[in-house]
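An overview of the molecular structure
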Amino acid sequence: MLTATDRYLARLIAVPMLGTLVIAAMLLVLDKMLSLFDFVAAEGGPVSVVWRMLANMLPEYLSLGIPIGLMLGILLAFRKLAMSSELDVMRAVGLSYGRLLRVPYMYAIALALINFGIVGFVQPLSRHAYEALRFELRSGALGASIKVGEFTNLGKRMTLRIERSRDEGRNLQGIFVRATSRDGQSVAVTAAQGTFLATDDPDVIIFRLRNGVLVNDAPKYKTPRILSFSSHDLPIDLPQIEAFRGRDVDREKTIPELVVIGKNQATPDKLRNEVRANFHFRMVEVVFMLLLPLAALAFAIPPKRSTSALGVFLSIVFIVTYHKVNQYGESVGALGKIDPIIALWGPFLLASGLVLWMYHVIAHRPGGQPIAALEFAFAKIGKQIGRLIRLGRRRPSAEGAA
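Summary of the structure given here.

The rules behind each value
Along every chain, residues carry numbers that run from 1 in the direction the sequence is written. It should be noted that, the model being predicted, local features are given only for residues of pLDDT at least 70 and side-chain atom pairs only at 80 or more, the latter also being counted only at that level, while totals for whole chains, interfaces and linings use all residues. Only heavy atoms go into the side-chain values, all of them from the structure, while hydrogens and water stay out. By the criteria applied, helices consist of DSSP H or I runs no shorter than four residues and strands consist of E runs no shorter than two, each listed in order from the N terminus. For every residue, the accessible area obtained with a 1.4 Å probe (protein chains only) is divided by the maximum for its type, and the residue is called buried under 20%, exposed over 50%, and partly exposed between those limits. Contact criterion: two residues are considered in contact whenever any of their non-hydrogen atoms come within 4.5 Å of each other. Computed with a 1.4 Å probe, the accessible areas rest on the Shrake-Rupley method; for each residue, only the protein chains presented here act as cover. A carboxyl oxygen of Asp or Glu within 4 Å of a side-chain nitrogen of Lys or Arg is what we treat as a salt bridge. Any two strands are treated as partners once DSSP identifies two or more bridges connecting them. Pairing of aromatic side chains requires ring centres within 6.5 Å, counting the rings of Phe and Tyr and the six-membered ring of Trp. Pairs whose planes differ by under 30 degrees are stacked, by over 60 edge-to-face, and all others tilted. We define the nonpolar core as a collection of buried residues of types Ala, Val, Leu, Ile, Met, Phe, Trp, Tyr and Cys that are connected through side-chain atoms lying within 4.5 Å of one another.

Some points on the overall build of the chain
- Across its full length, the chain holds 11 helices and 6 strands.
- Expressed as a percentage of the 402 residues in the chain, the buried residues total 40%.
- Partitioning the intrachain contacts of the chain with sequence separation of at least 6 by distance along the chain shows that 65% fall at a separation of at least 24.
- Looking at the chain as shown, the accessible area adds up to about 22,600 Å², and 62% of this sits on carbon and sulfur atoms.

Structure, rendered in structure tokens:
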């Protein structure tokens with residue numbers, strides 16, 4: 001049964017945790033949105049595909065945002081308790097730090113399981129769907145539009161250029177078309193207006209041209225044939241679109257698939273190293289979340305009579321640095337230079353030792369503060385900077401008085 005203190009802690013953690021998670025995810029989405037709009041516009045695709053691509057990127061952003069949200073949620077909750085002296089009261093009535101961490105560990109275990117489901121099953125599938133959308137956009141399968149004022153190749157044997165487009169593409173003006181056949185016959189057409197029409201064959205469309213000139217040439221013709229027309233239907237064979245690859249990349253495999261590939265004796269050594277490195281990268285990222293409540297507690301509590309927020313800054317640096325170290329370890333392990341177990345679980349053991357030491361200092365040493373030395377150093381640096389700023393302000397005023 002949860003006590004009133006547990007429920008109070010749960011509320012204190014939930015608000016900053018959810019807020020941080022949403023803010024982190026939105027910042028990552030906004031940053032990616034700008035590049036996706038540029039990419040889709042350059043490929044001439046519909047704007048709606050941007051939202052589909054962003055939706056497929058959300059699992060990856062959540063896998064990054066959940067640990068940060070958990071860390072800051074617990075940290076800000078305990079920092080609030082410490083700053084308002086409520087933590088001292090709880091400790092005075094017999095609540096140890098181990099007992100106070102019961103609710104944070106409930107959050108940590110639940111979010112670790114959610115993150116395992118994301119990185120192990122949802123993220124690989126969404127990453128493959130994202131790459132499939134990029135492939136289809138580049139290949140024109142998503143209805144990429146013909147760019148006005150530029151030469152567009154429809155397959156290997158047809159070139160099209162349109163001067164103006166009106167009525168959302170229903171009225172095309174200033175048209176030039178040139179097509180060649182395999183037997184050497186060529187057709188060049190200029191027309192004042194044109195419209196694309198669908199046919200019963202999904203691989204063929206009709207380009208209905210009006211008020212133009214057609215020039216037909218072939219090796220057997222002595223001179224090209226020229227025809228003026230008021231209306232002419234030009235059939236266009238749509239280019240064949242290659243099928244997108246399967247989930248052949250290790251990052252697009254689920255956890256069970258990585259285990260099967262890694263244990264298969266027929267798997268090439270290069271692929272086995274990549275698969276093992278990616279598997280251990282995912283697992284170490286999830287397991288590390290179980291250390292975040294201890295780290296958040298150690299970073300949250302400032303020294304007595306101090307209101308410094310250095311711990312908040314250090315916590316973000318700590319979790320981001322550890323993530324980057326894991327990415328480097330995955331890259332080295334995938335190349336086969338270091339065994340993936342050593343490359344990824346080695347930094348985990350070092351980080352675990354640091355976190356456990358910090359928790360031991362804050363929880364079992366009277367007056368212990370693991371970041372007290374850094375707090376003192378940053379306070380001295382802050383005073384020196386403030387002194388230099390005040391000195392810089394005094395000099396102009398002194399010169400003006402002289």
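More follows now that the structure is in view.
Description of the pattern of salt bridges
- Taken as a whole and assessed by the stated rule, the structure comprises 9 salt bridges.
- The closest approach of N and O atoms between Glu 257 and Arg 247, which form a salt bridge, is 2.8 Å. In this pair, Glu 257 is assigned in helix α6 (residues 255-263) and Arg 247 in the loop between β6 (225-237) and α6, connecting sequence segments 10 residues apart.
- The exposure class assigned to Glu 257 is partly exposed, which follows from its relative accessible area of 26%.
- Arg 276 is the salt-bridge partner of Asp 339, the closest N and O atoms lying 3.4 Å from each other. Here Arg 276 lies in helix α7 (residues 269-288) and Asp 339 lies in the loop between α9 (310-335) and α10 (340-364), a separation of 63 residues in the sequence.
- Accessibility expressed as a relative area gives 22% for Arg 276, which makes it partly exposed.

Let's talk about the pairing of strand β5 (residues 204-217)
- Across 12 bridges, strand β4 (residues 186-198) lies against β5 in antiparallel orientation. Bridging from a neighbouring strand, Gln 193 pairs with Arg 210 of β5.

A look at the packing of aromatic side chains
- Inspection of every chain in the model, using the stated rule, returns 8 aromatic pairs.
- Ring centres of Phe 288 and Phe 318 lie 5.9 Å apart, and the angle between their planes is 45 degrees; on these two criteria the pair is classed as tilted. Highlighted residues: Phe 288 in helix α7 and Phe 318 in helix α9, separated in sequence by 30 residues. Like Phe 318, Phe 288 is buried.
- Aromatic pair Phe 299 and Phe 318: ring centres 5.9 Å apart, planes at 50 degrees, arrangement tilted. You can see Phe 299 sitting in helix α8 (residues 292-300) and its partner Phe 318 sitting in helix α9, a full 19 residues away along the chain. Of the two residues examined, Phe 299 and Phe 318, each falls in the buried class.
- Aromatic ring contacts, followed pair by pair, group Phe 288, Phe 299, Phe 318 and Tyr 322 into a single cluster.

Let's talk about the environment of Ile 205
- Along the chain, Ile 205 falls in strand β5.
- Given a relative accessible area of 21%, Ile 205 falls into the partly exposed group.
- When the C-alpha positions of Ile 205 and Pro 235 are compared, they lie 5.9 Å apart, and in sequence the two are 30 residues distant.

Notes on the nonpolar core
- Among the nonpolar cores identified, the biggest contains 58 residues, and Leu 70, Phe 78 and Phe 288 are the most heavily contacted of them.
- Here this core gets 9 residues from one element, more than from any other, and that element is helix α2 (residues 48-83).
- Residues in contact with Phe 288, not counting those within four places in the same chain, are Phe 318, Ile 319, Tyr 322, Phe 348 and Ala 351.
- If you look at the next biggest cluster of nonpolar residues, it comprises 16 residues, including Leu 154, Val 177, Val 189 and Phe 229.

Details of the sheet that holds β6
- Across the sheet, 6 strands lie side by side as β1-β2-β3-β4-β5-β6; this open sheet has antiparallel pairing. The open sheet terminates on both sides in strands that have one partner only, identified here as β1 (152-153) and β6.

So, the pairing of strand β3 (residues 171-180)
- Taken together, the 8 bridges between strand β2 (residues 158-166) and β3 define a ladder with antiparallel strand orientation. Looking at β3, one finds that Arg 164 is bridged to Gln 173.
- In this sheet, β4 lies alongside β3 in antiparallel orientation, the contact comprising 8 bridges. Residue pairing in the sheet places Phe 176 in a bridge with Thr 190 of β4.
- Taking the residues between adjacent antiparallel strands as the criterion, β3 and β4 are bridged by 5 residues, where Gly 184 takes a positive phi near 95 degrees.

Honestly, that's just the spatial picture; any functional story needs more than this.
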